[in-house]
Amino acid sequence: MQLESHQLGEESVISIQDLNHYFGEGALRKQALFDINLEINKGEIIIMTGPSGSGKTTLLTLMGGLRSAQSGSLRILEQEICGASKKQLTSLRRNIGYIFQAHNLMTFLTAKENVRMSLELHDKYLDQDIDALAVNMLEMVGLGNRVDYYPESLSGGQKQRVAIARALASHPKIVLADEPTAALDKKSGRDVVELMQKLAKEQGCTILLVTHDNRILDIADRIVYMEDGKLVSDGIDAAAKVK
Ligand SMILES: Nc1ncnc2c1ncn2[C@@H]1O[C@H](COP(=O)(O)OP(=O)(O)OP(=O)(O)O)[C@@H](O)[C@H]1O
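All of the points below concern the structure found in this document. (Residues numbered from 1 in each chain as written. Predicted model: local features only at pLDDT ≥ 70, side-chain atom pairs only at ≥ 80, totals over all residues.)

## A word on the site of the ligand
The line we're drawing: Only the C-beta atom matters for this test: placed from the backbone, it must lie within 6 Å of a molecule or strand for the residue to be near it. Ten residues, namely Ala, Val, Leu, Ile, Met, Phe, Trp, Tyr, Cys and Pro, are considered nonpolar, four, namely Asp, Glu, Lys and Arg, are considered charged, and the remaining ones, Gly among them, are considered polar.
Around the ligand, the neighbouring residues are Phe 23, Gly 24, Ala 32, Gly 50, Ser 52, Gly 53, Ser 54, Gly 55, Lys 56, Thr 57 and Thr 58. Split into classes, the residues belonging to the shell around the ligand amount to two nonpolar, eight polar and one charged.

## A look at the packing of helix α5 (residues 156-168) against helix α6 (residues 186-203)
Spelled out, the test is: Every axis corresponds to a line fitted to the C-alpha atoms, with the helix fit spanning only the stretch in contact, and the corresponding angles, defined between N-to-C directions, vary from 0 to 180 degrees. Where helices and strands are cited, they refer to DSSP runs of H or I of at least four residues and of E of at least two residues respectively, numbered from the N terminus. Reported orientations rely on four angle classes, namely roughly parallel under 35 degrees, roughly antiparallel over 145, roughly perpendicular from 65 to 115, and oblique for the rest. Helix crossings fall into two classes, left-handed where the near helix is turned counterclockwise from the far one by less than a right angle and right-handed where it is turned clockwise. Our contact criterion uses C-beta atoms placed from the backbone: two residues qualify when those atoms are within 7 Å.
Interhelical geometry of α5 versus α6 gives an angle of 15° and a closest axis separation of 10 Å. Taken as axis vectors, α5 and α6 run roughly parallel relative to one another. Pair α5 / α6 crosses with right-handed handedness. Residue-level inspection shows Gly 156, Gly 157, Gln 160, Arg 161, Ile 164 and Leu 168 of α5 in contact with α6, the latter providing Ser 188, Asp 191, Val 192, Leu 195, Met 196, Leu 199 and Gln 203. In the contact of α5 with α6, the residues fall into six nonpolar, five polar and two charged.

## Side note on the sheet that holds strand β8 (residues 206-210)
Keep this limit in mind: Pairing between strands requires that DSSP locate at least two bridges from one strand to the other.
Read across the sheet, six strands follow the order β6-β7-β8-β3-β9-β10 without closing on themselves; strand pairing throughout is mixed. In this open sheet, the two strands that pair with only one neighbour each are β6 (96-100) and β10 (230-234). On average, adjacent strands in this sheet sit at an angle of 20° to one another, irrespective of strand direction. Note: strand β9 (residues 222-227) against β10, four bridges, orientation antiparallel. Counterpart to Tyr 225 in the pairing with β10 is Ser 233. The strands touched by α5 are β6 and β7 (174-178); relative to β6, the strand with the most contacts, the crossing angle is about 165°.

## Points about the sheet that holds strand β4 (residues 71-76)
Pairing is antiparallel across the open sheet formed by four strands, whose spatial order is β2-β1-β4-β5. In this open sheet, the two edge strands, each paired with only one partner strand, are β2 (30-41) and β5 (79-80). Strand contacts of helix α1 (residues 56-63): β1 (12-23), β2 and β4, with the helix running at about 55° to β2, the strand carrying the most contacts.

## Details of unusual backbone geometry
How we decide: As a rule, residues whose C-beta atom has 12 or fewer other C-beta atoms within 10 Å are exposed, those with 20 or more are buried, and those in between are partly exposed; C-beta atoms are placed from the backbone.
Of note in the backbone geometry, Glu 78 takes a positive phi value of approximately 65° without being a glycine. Along the polypeptide, Glu 78 turns up in the loop between β4 and β5. On the basis of neighbour count, Glu 78 is assigned to the exposed category, with 9 C-beta atoms found within 10 Å. Of note, the phi angle at Asp 228 is positive, near 50°, even though the residue is not glycine. Structurally, Asp 228 is set in the loop between β9 and β10.

Below, the structure is given as structure tokens:
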């Protein structure tokens, strides 16, 4: 029998036990996540899918250190996030790359300057040729001839590729992507996720991707399916559920 990579006890990047999450206070308090358990290893590409309102973005933002975890245990890169301070979350976020539905590029910066910005956050790049690193990363996403373009002069797919270059330039251990193909046509969407897959595999980076786009499910090593705030299946069953 062939074991799945997550069963082999490889290096754990994210480890979640009995995680619950609530929004609001008092009578308005509403539970959004219920007893989530999940192990994610180095280099895995995980797609999270499920109906609208099922809790995918809430879980993704918790795993990205973008909001504080309230109850249970959430370990990211060997750090407990439940009860972590703002300062701890900020330093954790330097190890994570983010790609969102709307590319979130700075409109007043060129493609190169957008990628540079993410490198400038890291001391280790300060004595290197950051311009050259940014250009090299843009070449890797096929935009070597667009480095000095502003976002408004790029197509949707090109903007999303700049966002990928920006997210991966500093070789983060984790990349989070929330609906990265939502604003793209079929071909551009496919190109964008295949590029993410290729770069992540080269860098040994873990990708967590939330999507409603059934056409890209095959790039995942594992599919996690959510419903009503619960993780209802993980792995092969999940793939069958969304077909
Ligand atoms: N900031 C918030 N305040 C209050 N309730 C929230 C907040 N964010 C999300 N929720 C609620 O938590 C639940 C899960 O929402 P979430 O956005 O995680 O779902 P989702 O699966 O990502 O949905 P979609 O696919 O539509 O983006 C929903 O019932 C939502 O209304």
